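Listed below, chain by chain, are the residues.
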Amino acid sequence: MAKFHVELVKAEGLVLSTEADFVVAPGVDGDLGVLPHHIPLLTPLRLGEVTVKNDGNEDHYVVAGGFLEVLPDRVVILADAAERAADIDTARAEDARRRAQDALAANAADAHAAAALERSLFRLQVAEVRQRQPRRPPSRPQ
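These remarks concern the structure in this document. (Residues numbered from 1 in each chain as written. Predicted model: local features only at pLDDT ≥ 70, side-chain atom pairs only at ≥ 80, totals over all residues. Heavy atoms only, no water.)

**Concerning the pairing of strand 2 (residues 13-20)**
Pairing analysis gives seven bridges linking strand 1 (residues 4-10) to strand 2, with the strands arranged antiparallel. In the strand pairing of strand 2, His 5 is matched with Glu 19. (Pairing = 2+ DSSP bridges. Helix = DSSP H or I, 4+ residues; strand = E, 2+ residues; numbered from the N terminus.)

Here is the structure:
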């Protein structure tokens, strides 16, 4: 089966660099599936889950904003924030949820707190779903 290279990058550095045969990313207008030889495309991303499939294995990542660039032989995800789903610290996400809820209780118009609450709830949701799946070794940046 045809493959393409996938890179997931955030400001702090490279999160993922691997070969894949399918990627699903959270575009602003809905989830976007990418196969090898896809037409070139650049689109903004929303908070969501990126799935990278390769030879029947799947890796899942939470991304918060950024851009997806698709070229015929490569996909580059430039994320504002990114985290491997299996590595989500649920205690930290729960603490972030509580802080955001407290900030919203103090000021219901606080857009930053509302965004933080949305991110923390999504991270908790993804962590719960992914922790029920069998664990595999993580893909390593190459």
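**Overview of the side chain of Arg 97**
You can see Arg 97 is positioned in helix 1 (residues 90-106). Reaching out from Arg 97, the side chain makes a polar contact with the side chain of Gln 101 at a distance of 2.2 Å. Not counting residues up to four positions away in its chain, the partners in contact with Arg 97 are Leu 117, Ser 120, Leu 121 and Leu 124. (Polar contact = N/O pair within 3.5 Å; in protein donor to acceptor, adjacent residues only side chain to side chain. Contact = heavy atoms within 4.5 Å.)

**So, the pattern of salt bridges**
Tallied over the entire structure, the rule returns nine salt bridges. Between Arg 46 and Asp 31 there is a salt bridge whose closest N-O contact spans 2.6 Å. Here Asp 31 lies in strand 4 (residues 30-34) and Arg 46 lies in the loop between strand 5 (41-45) and strand 6 (48-54), a separation of 15 residues in the sequence. What makes Asp 31 exposed here is its relative accessible area of 55%. (Salt bridge = Lys/Arg side-chain N within 4 Å of Asp/Glu carboxyl O. Buried < 20%, exposed > 50% of the residue type's maximum accessible area, 1.4 Å probe, protein only.)

**Some points on the pairing of strand 7 (residues 57-63)**
Counting buried residues along strand 7, five of its seven residues qualify, which places the element largely inside the surrounding structure. Pairing geometry for strand 6 and strand 7, over seven bridges, is antiparallel. Among the inter-strand pairings, Asn 54 is bridged to a residue of strand 7, identified as Asn 57. In textbook terms, the turn of a hairpin is the stretch between consecutive antiparallel strands, and for strand 6 and strand 7 this stretch comprises two residues, one of which, Asp 55, has a positive phi near 50°. In the sheet, strand 7 pairs with strand 10 (residues 82-84) via three bridges, with the strands oriented antiparallel. Looking at strand 10, one finds that Val 62 is bridged to Glu 83.

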